[in-house]
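Notes for the structure review
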2 protein chains.
Amino acid sequence: MEALFQHMERYIKLREEDKVLLSGALSLREVKKKEHLLEEGRLCPYNYFVSKGCCRLYYVNDKGIEHTVQFGIDGWWITDLMAYVGGQPSGYYLQAVETGAVVLWDRRTEDALLQQIPALERYFRLVLLRSAAAEQQRNRYLSDFSGEERYHHFNNSFPEFVQRVPQYMLASYLGFTPEFLSKIRARKA
Amino acid sequence: MEALFQHMERYIKLREEDKVLLSGALSLREVKKKEHLLEEGRLCPYNYFVSKGCCRLYYVNDKGIEHTVQFGIDGWWITDLMAYVGGQPSGYYLQAVETGAVVLWDRRTEDALLQQIPALERYFRLVLLRSAAAEQQRNRYLSDFSGEERYHHFNNSFPEFVQRVPQYMLASYLGFTPEFLSKIRARKA
DNA sequence: CAAAAAACTTAATCTATTCCAAGAAATGGT
DNA sequence: ACCATTTCTTGGAATAGATTAAGTTTTTTG
């Protein structure tokens, strides 16, 4: 929970009383590796702040193939936004890649909290702005680079992260098959 | 400009004095078809609200090929977010697809305006939230559907829009070549 | 209204990546 | 330590879509 406060204080000032309010309204949840926080078909009234560990958001297409759409490591928010905003059943799975902890931000208490701590409007605006900017850049890589280029680029940018996550998840995040990733690595060595 | 006020009032309340403030701080710019609002290498201290017409954000890769990353029709915000947030030179072009008008939101007066009209924090938060949700969905289509499926799906969802924009732009938005789009259409007929 | 420019089509060849299948290596639970 | 499960590798056949190049149609402009 402290991790979230620190993250918020990068963008806004929090008074002690704000922290008390937040501590009361939010809940911390510990997750074991591979545990699901959200499954397809379920409602998703939460936005998840990854306070420790690593989660991934993925969907399963009609051929049964998993596609990882986002990794969330500590300090990132992650959720199925359509289901969060619209209140419909989700089409995604949210899974802990590593044992860790997340803070649950509940849509149903959101309005009350935002009224009590108006600075949070600004916090979430800035968080969303930065994540939208990052997404725009990721999309550029996805559309402009070949699969192999994407892998090398990602591997150079986040070498430690590549070690942390199974290859098949990485492959599905980078937009190709695990077999192909295997071949890329073989080529290099 | 009125279009922007209406859009804001979908999410927040604006007092008359707020509108006066906004009218003074923002500028309206008319754009001719094909005119550029932003070119690669330039700074981009603006966020653009499309009040009438249609714009597109695209980049040109090192092979000289254009990739359309976003269309903005009336009622949407559009800009190179990295350049807007970070202040570095842009890697994108923003071009009017049709003659129309945009409202310029200037990053350099943003803080002052947000302080004078705090409700705008909420407005932009909600706009960003919805556009991030839409982006998440678009990414799913891009990664899960074949080019041909993407075309049919888009064509069914936005038949009027498909008529409004040149095919090569649509192809580059859907992630394939104009030649391939031509083939898809030939197959159907 | 003609000429130039822009947009679209068609066809042949080429290539990055998928798909399938089977085996090898690593990891995890008891 | 051992067995089951999960993850990774390898190779060959198949394919969606790119590339190239030339020709046709449509739109824009003087």
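Above this note sits the structure.
Residues numbered from 1 in each chain as written. Chains lettered and ligands numbered in written order. Predicted model: local features only at pLDDT ≥ 70, side-chain atom pairs only at ≥ 80, totals over all residues. Heavy atoms only, no water.

**So, the sheet that holds strand β5 (residues 66-73) of chain B**
Backbone-to-backbone hydrogen bonds pair the strands of a sheet. The strands run either parallel or antiparallel. Put simply, the rule is: The rule for pairing is simple: two strands pair if DSSP sees at least two bridges between them. Numbering of helices and strands runs from the N terminus; a helix is a DSSP stretch of H or I covering at least four residues, while a strand is a stretch of E covering at least two. Note on definitions: angles span 0 to 180 degrees between N-to-C directions of axes, and those axes are lines fitted to C-alpha atoms, for helices only across the stretch in contact. The contact definition used throughout considers only heavy atoms, calling two residues in contact when any of these lie within 4.5 Å.
One open sheet holds the four strands; their spatial order is β2-β7-β4-β5 (chain B), and the pairing between them is antiparallel. Each having just a single partner strand, β2 (36-38) and β5 of chain B make up the two edges of the open sheet. Across the sheet, the mean angle separating the axes of adjacent strands is 30° when strand polarity is ignored. The sheet contacts of helix α5 (residues 119-144) of chain A involve β4 (54-60) and β5 of chain B, and relative to β4 of chain B the element is tilted by about 60°. Sheet strands touched by helix α8 (residues 167-174) of chain B: β4, β5 and β7 (93-96) of chain B. Its angle to β5 of chain B, the strand with the most contacts, is close to 100°.

**Points about the interface of chain B and chain A**
Threshold: A 1.4 Å probe defines the accessible area here, and the buried area is the portion of it lost by two parts on being joined, summed over both. Salt-bridge detection follows one rule: a side-chain nitrogen of Lys or Arg within 4 Å of a carboxyl oxygen of Asp or Glu. In the analysis that follows, any N or O atom pair within 3.5 Å is treated as a polar contact, provided that within protein one partner can donate a hydrogen and the other can accept it, and provided that, for residues neighboring in sequence, both atoms belong to side chains.
If you look at the interface, chain B gives 34 residues, while chain A gives 34 residues. Between chain B and chain A, the buried area comes to about 3100 Å², and carbon and sulfur atoms account for 53% of it. If you look at where chain B meets chain A, you find eight salt bridges. A salt bridge links Glu121 of chain A to Arg122 of chain B; its shortest N-O distance comes to 2.7 Å. One can count 16 residue pairs in polar contact (both at pLDDT 80 or more) joining chain B with chain A.

**Overview of the packing of aromatic side chains**
Operational definition: We call Phe, Tyr and Trp rings a pair once their centres come within 6.5 Å, taking the six-membered ring for Trp, and we label the pair stacked below 30 degrees between planes, edge-to-face above 60, and tilted otherwise. Burial here depends on accessible area, computed with a 1.4 Å probe over protein chains only, as a share of the maximum for the residue type. Under 20% is buried, over 50% is exposed, and the range in between is partly exposed. The rule is short: NZ of Lys or CZ of Arg within 6 Å of the ring centre and within 35 degrees of the ring normal puts a charge over the ring.
What the rule picks out here adds up to 32 aromatic pairs over all chains. Measuring from ring centre to ring centre gives 6.2 Å for Phe154 of chain A and Phe161 of chain A, while their planes differ by 70°; the resulting arrangement is edge-to-face. Both residues of the pair, Phe154 of chain A and Phe161 of chain A, count as buried. Just above the ring of Tyr92 of chain B sits the side chain of Arg140 of chain A; from NZ or CZ to the centre is 4.9 Å.

**Details of the protein's contact with DNA strand C**
Condition: By convention in these notes, a residue is near a molecule or strand provided one of its non-hydrogen atoms lies within 4 Å of it. Under the scheme applied, nonpolar residues are Ala, Val, Leu, Ile, Met, Phe, Trp, Tyr, Cys and Pro; charged residues are Asp, Glu, Lys and Arg; polar residues are all the others, including Gly.
Looking at DNA strand C, there are 18 residues lining it, with Gly147 and Phe176 of chain A together with Gln167, Tyr168 and Ser182 of chain B nearest. Of everything in DNA strand C that lies within 4 Å of the protein, sugar and phosphate atoms constitute 74%. One of the backbone nitrogen or oxygen atoms of Gly147 of chain A is found 2.6 Å away from a phosphate oxygen of DNA strand C. It is helix α9 (residues 178-188) of chain B that contributes the most residues to the surface near DNA strand C, four residues altogether. For the surface near DNA strand C, the class distribution of residues is five nonpolar, six polar and seven charged.

**Considerations on the protein's contact with DNA strand D**
Close to DNA strand D lie 16 residues; Gln167, Ser182 and Lys183 of chain A together with Gly147 and Glu179 of chain B are nearest. Within the backbone of Tyr168 of chain A, one N or O atom sits 3.1 Å away from a phosphate oxygen of DNA strand D. The side chain of Ser182 of chain A places a nitrogen or oxygen atom 2.7 Å from a phosphate oxygen of DNA strand D. The set of elements that each furnish at least two residues to the surface near DNA strand D consists of α8 (167-174) and α9 (178-188) of chain A together with α9 of chain B. Per element, the largest residue contribution to the surface near DNA strand D is four residues, and it comes from α9 of chain A. A class-by-class count of the residues in the surface near DNA strand D yields five nonpolar, five polar and six charged.

**Looking at the packing of helix α6 (residues 147-157) of chain A against α9 of chain A**
Residue and element names in this part refer to chain A. Basically, it comes down to this: Our angle categories are set so that under 35 degrees counts as roughly parallel, over 145 as roughly antiparallel, 65 to 115 as roughly perpendicular, and the remainder as oblique. Rotating anticlockwise by less than a right angle from the far helix to the near helix defines a left-handed crossing, while the corresponding clockwise rotation defines a right-handed one.
Packing of α6 against α9 leaves a shortest axis separation of 11 Å and a crossing angle of 70°. Of the possible angle classes, the one that applies to α6 and α9 is roughly perpendicular. In this structure, the crossing between α6 and α9 has a hand that is right-handed. The segment α6 lies against α9, with Gly147, Glu148, Tyr151 and His152 engaging Phe180, Leu181, Ile184, Arg185, Arg187 and Lys188. Looking at side-chain class alone, the contact of α6 with α9 contains four nonpolar, two polar and four charged residues.

**Observations concerning the relation of the copies chain B and chain A**
Short version of the rule: Least squares is used to superpose the copies, and the fit set is the C-alpha atoms of residues whose pLDDT is at least 70 in both copies.
Expressed as a screw transformation, the operator carrying chain B onto chain A has a rotation angle of 180° and an axial translation of 0.0 Å, and the superposed copies differ by an RMSD of 0.0 Å. The two molecules are tied by a two-fold rotation axis, judged by turn and shift. Scanning chain B for the C-alpha nearest the rotation axis identifies Arg125 of chain B, at a separation of 2.1 Å. A shared interface surface links the copies, since 100% of the contact residues of chain B are contact residues in chain A too.

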